[in-house]
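Summary of structural features
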Amino acid sequence: MAGRGRRPEHGGPPELFYDQNEARKYVRNSRMIDIQSKMAERALELLCLPEGQPRYLLDIGCGTGLSGDYLTEEGHYWVGIDISPAMLDAALDRETEGDLLLGDMGQGIPFRPGSFDGCISISAVQWLCNANKKSDVPAKRLYCFFSSLYSVLVRGARAVLQLYPENSEQLELITTQATRAGFTGGVVVDYPNSAKAKKFYLCLFSGPSAFLPKGLSESEDREEATASKFTKDRVLHRLARRGVVKKSREWVLEKKERRRRQGKEVRPDTQYTGRKRRPRF
């Protein structure tokens, strides 16, 4: 499970690792933007929210707001929390539409019970497994995080946390503390046979156990390799993965077919599918 080379969380606390230079990469590196957007899309898909109904969501480890941008594009409202001032400053410079909060998730999520309809997190939870101070106890910080997360979610809501576990022991530590806090659920692994595309998503239910979605495989969704380049421009309405324009007919048909594979009820395709509608006042 461990990634190649030195893992970021081994270099020190996240508020120091994610400095201005690192934040700049998340704003200008098109490959990084693409990866974050894809994982946010997948996390939102695994939340299994009702279609066409805006929800109030929590983004833990929101960083520069890339995942939040996707939530906004899908019509949801969100609040982001992050421990890095530099990343949040970059999010403010980008004028993200969500509300932002500086905070350490290992000390708990500071919101009222039942505040959110769901939660996503991209590449953040594994940071709690490292002790950067003598007072840091990973198991206690994980339990504090999960217990407070359980509290701030509406009963029956889901949390989908994408993470990079270093090994099976670390993944067991994380899932054990989530279970202690009251969550049910499991781990969804996308592309388990791929060294580069493999992704772990911890899907948690704050109510009775629900159906755990299946992971994606190479046969279902072949990803194209993309080169890394830097740009100051934001790519808002184009999915770099396939070059499909967001909200286009092709994009809508693809999304509907993906929901059919998940067993969801989807309206039949017609000549009007994906057709632009006049704005309402």
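In this report, we go over the structure that sits alongside the text. (Residues numbered from 1 in each chain as written. Predicted model: local features only at pLDDT ≥ 70, side-chain atom pairs only at ≥ 80, totals over all residues. Heavy atoms only, no water.)

1. Focus: the overall build of the protein chain
Counted only if it meets this: To qualify as a helix, a DSSP run of H or I must reach at least 4 residues; to qualify as a strand, a run of E must reach at least 2; elements of each kind are numbered from the N terminus. Any residue under 20% of the maximum accessible area for its type is buried, any over 50% is exposed, and the rest in between are partly exposed; the area is computed with a 1.4 Å probe on protein chains only. Each accessible area value is a Shrake-Rupley result obtained with a 1.4 Å probe; residue values ignore everything except the protein chains displayed when judging cover.
Tallying secondary structure elements over the protein chain gives eight helices and nine strands in all. Taken across its 281 residues, the protein chain has 46% of its residues classed as buried. Entry remark: accessible area of the protein chain is about 15600 Å², with carbon and sulfur atoms responsible for 50%.

2. Here's the deal with the pairing of strand β7 (residues 199-205)
Quick reminder of the rule: A pair of strands counts as paired when DSSP detects no fewer than two bridges linking them.
Here β7 lies mainly inside the structure; seven of its seven residues are buried. Residue alternation in β7 divides its side chains into two sets, Lys199, Tyr201, Cys203 and Phe205 and Phe200, Leu202 and Leu204, and both sets are buried. Taken together, the six bridges between strand β5 (residues 153-163) and β7 define a ladder with antiparallel strand orientation. If you follow Ala159 over to β7, its bridge partner there is Leu204. The pairing of strand β6 (residues 184-190) with β7 spans seven bridges and is classified as antiparallel. By the bridge assignment, Asp190 is partnered in β7 with Lys199.

3. Looking at the side chain of Ser84
The criterion, for reference: Any two residues whose heavy atoms approach within 4.5 Å are treated as being in contact.
Turning to its location among the elements, Ser84 is positioned in the loop between β2 (77-82) and α5 (85-93). Filtering out sequence-adjacent residues up to four positions away, Ser84 remains in contact with Glu15, Tyr18 and Leu102.

4. Describing the nonpolar core
Rules: What is meant by a nonpolar core is a set of buried Ala, Val, Leu, Ile, Met, Phe, Trp, Tyr and Cys residues, joined one to another through side-chain atoms within 4.5 Å.
Leu58, Ile60, Phe145, Phe146, Leu149 and Leu161 are the most contacted members of the largest nonpolar core, which has 30 residues in total. Dropping the residues within four chain positions of it, Phe146 is found in contact with Val125, Leu161, Ile174, Gln177, Ala178, Ala181, Phe183, Leu202 and Leu204. Ala43, Trp78, Val160 and Cys203 belong to the second largest nonpolar core, which has 17 residues in total.

5. Remarks on the pattern of salt bridges
Rules: By convention in these notes, a salt bridge is any Lys or Arg side-chain nitrogen within 4 Å of a carboxyl oxygen on Asp or Glu.
Applying the stated criterion across every chain, the model contains seven salt bridges. With a closest N to O distance of 2.5 Å, Glu45 and Arg42 form a salt bridge. Remark: Arg42 and Glu45 occur in helix α3 (residues 30-47); sequence separation between them is three residues, near one turn of the helix. The exposure class of Arg42 is buried, given its relative accessible area of 7%. In this structure, Arg141 and Asp104 form a salt bridge, with 3.1 Å as the shortest nitrogen-oxygen distance. Placement of Arg141 in helix α6 (residues 138-152) and of Asp104 in the loop between β3 (99-102) and β4 (116-122) is noted, with a sequence separation of 37 residues between them. Judged by its relative accessible area of 15%, Arg141 is buried.

6. Some thoughts on the pairing of β3
Note: β2 against β3, four bridges, orientation parallel. Bridging across to β3, Gly80 finds its partner in Leu100.

7. Quick look at the packing of α6 against helix α7 (residues 168-180)
Our working definition: Every axis in this analysis is a line fitted to C-alpha atoms, fitted for helices over the stretch in contact. Angles between the N-to-C directions lie between 0 and 180 degrees. Roughly parallel means an angle under 35 degrees; roughly antiparallel means over 145; roughly perpendicular covers 65 to 115; every other angle is labelled oblique. When the near helix sits turned anticlockwise from the far one by under a right angle, the crossing is termed left-handed; a clockwise turn instead gives a right-handed crossing. Three classes are used: nonpolar for Ala, Val, Leu, Ile, Met, Phe, Trp, Tyr, Cys and Pro, charged for Asp, Glu, Lys and Arg, and polar for all others, with Gly counted as polar.
At a minimum axis distance of 8 Å, the contact between α6 and α7 shows a crossing angle of 45°. The pairing of α6 with α7 is recorded here as oblique in orientation. The element α6 and its partner α7 pack so that their crossing is right-handed. For the pair α6 and α7, the contacting residues are Pro138, Ala139, Leu142, Tyr143 and Phe146 in the first and Leu173, Ile174, Gln177, Ala178 and Arg180 in the second. Residue composition of the contact of α6 with α7, by class: eight nonpolar, one polar and one charged.

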